[in-house]
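Fold and contact review
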Amino acid sequence: MKIYIDADGCPVVKETIEVATAFLIPVVIVCDVAHEFFFDGVEVVTVMRGMDAVDYEIMNRLEVGDLVITQDYGLAALVLAKRGYALNQNGRQYDENNIDELLYRRHTLKKLRQAGERVKGPRKRSKEDTAHFVTALTTFLTEICETCSR
């Protein structure tokens, strides 16, 4: 298992690395040229700017059972189709039970914005959000590692 971070705009890069290191799981940060990351022992892949360029790079590298940290519902859907796992920056796991609803909501909000409607954006991130992510990632990896060792 590897953990891929869709790092463009990801607020939990450092926390993901810390948790993954505790579980001895390799991390790959994927970002475009507008971002720079340097962490000891972590692979950083930088791609050219372009719509979904980071997503394509992650999907080209992803193997069954890998985990992707992303807030992009479209990427999460692709990860699930390839039998990977996906968590968002708040620790919510994307799965077959919620991805269709999330994609539909994204589509509906996009249509509203295109029609000139004002759509409220996400609330400001809190320390509690980050703490919840760390707990959720730790729980997820604990469960996965227990399953793998059986």
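All values reported here derive from a predicted model rather than from experimental measurement.

**As for the overall build of the protein chain**
- In terms of regular secondary structure, the protein chain is built from five helices and six strands.
- Written out in order from the N terminus, the α and β elements of the protein chain read β-α-β-β-α-β-α-β-β-α-α.
- Against the globule reference of 15 Å for 150 residues, the protein chain gives a C-alpha radius of gyration of 16 Å, in line with a compact fold.
- Taking the principal axes of the C-alpha coordinates as reference, the protein chain spans close to 50 × 35 × 30 Å.
- Within the protein chain, the fraction of its 150 residues that count as buried is 39%.
- Sequence-distant contacts in the protein chain: of pairs separated by 6 or more residues, those separated by 24 or more amount to 48%.
- Within the structure as shown, the protein chain displays about 9400 Å² of accessible surface, and the carbon and sulfur contribution to it stands at 52%.
- Positive and negative side-chain charges in the protein chain, numbering 19 and 23 respectively, have mean positions lying 7 Å apart.

**Brief notes about the sheet that holds strand 5 (residues 85–87)**
- Judged by pairing direction, the sheet is mixed, and its six strands sit side by side in the order 3-2-1-4-5-6 without closing on themselves. Of all the strands in the sheet, the pair left with one neighbour each is strand 3 (43–47) and strand 6 (93–94).
- Across two bridges, strand 5 lies against strand 6 in antiparallel orientation. Along strand 6, the bridge assignment pairs Leu 87 with Gln 93.

**Structural notes on the side chain of Thr 70**
- Locating Thr 70 in the fold gives a position in the loop between strand 4 (67–69) and helix 3 (73–81).
- Each residue touching Thr 70, except ones within four places of it in the same chain, is listed here: Asp 6, Leu 75, Ala 76, Leu 87, Asn 88, Gln 89 and Tyr 94.

**Considering the nonpolar core**
- Ile 5, Ile 29 and Ile 69 are the most contacted members of the largest nonpolar core, which totals 23 residues.
- Counting residues per element, the ones that place at least two in this core are strand 1 (3–6), helix 1 (13–22), strand 2 (27–32), strand 4 and helix 5 (127–148).
- By residue number, the principal contributor to this core is helix 5, which donates five residues.
- Excluding anything up to four places from it in sequence, Ile 5 contacts Cys 10, Val 13, Thr 16, Ile 17, Val 27, Val 28, Ile 29, Val 30, Ile 58 and Ile 69.
- Val 28, Val 47, Leu 80 and Leu 102 belong to the second largest nonpolar core, which has 19 residues in total.

**Looking at the pattern of salt bridges**
- Counted according to the given criterion, the structure contains two salt bridges.
- With a closest N to O distance of 3.3 Å, Glu 43 and Arg 61 form a salt bridge. Taken as a pair, Glu 43 in strand 3 and Arg 61 in helix 2 (residues 53–61) lie far apart in primary sequence, 18 residues in all.
- With relative accessibility at 35%, the residue Glu 43 sits in the partly exposed group.
- Of the charged contacts in the structure, one is a salt bridge between Glu 57 and Arg 61, with a shortest N-O distance of 2.7 Å. Highlighted residues: Glu 57 and Arg 61, both in helix 2, separated by four residues, approximately one helical turn.
- Salt bridges sharing common partners tie together Glu 43, Glu 57 and Arg 61.

Rules behind the numbers
Residues numbered from 1 in each chain as written. Predicted model: local features only at pLDDT ≥ 70, side-chain atom pairs only at ≥ 80, totals over all residues. Heavy atoms only, no water. Helix = DSSP H or I, 4+ residues; strand = E, 2+ residues; numbered from the N terminus. Rg over C-alpha atoms; globule rule 2.2 N^0.38 Å. Buried < 20%, exposed > 50% of the residue type's maximum accessible area, 1.4 Å probe, protein only. Contact = heavy atoms within 4.5 Å. Areas by Shrake-Rupley, 256 points an atom, 1.4 Å probe, with all protein chains shown as cover. Lys, Arg positive; Asp, Glu negative; His and termini not counted. Charge placed at Lys NZ, Arg CZ, Asp CG, Glu CD. Pairing = 2+ DSSP bridges. Core = buried A, V, L, I, M, F, W, Y, C linked by side-chain atoms within 4.5 Å. Salt bridge = Lys/Arg side-chain N within 4 Å of Asp/Glu carboxyl O.

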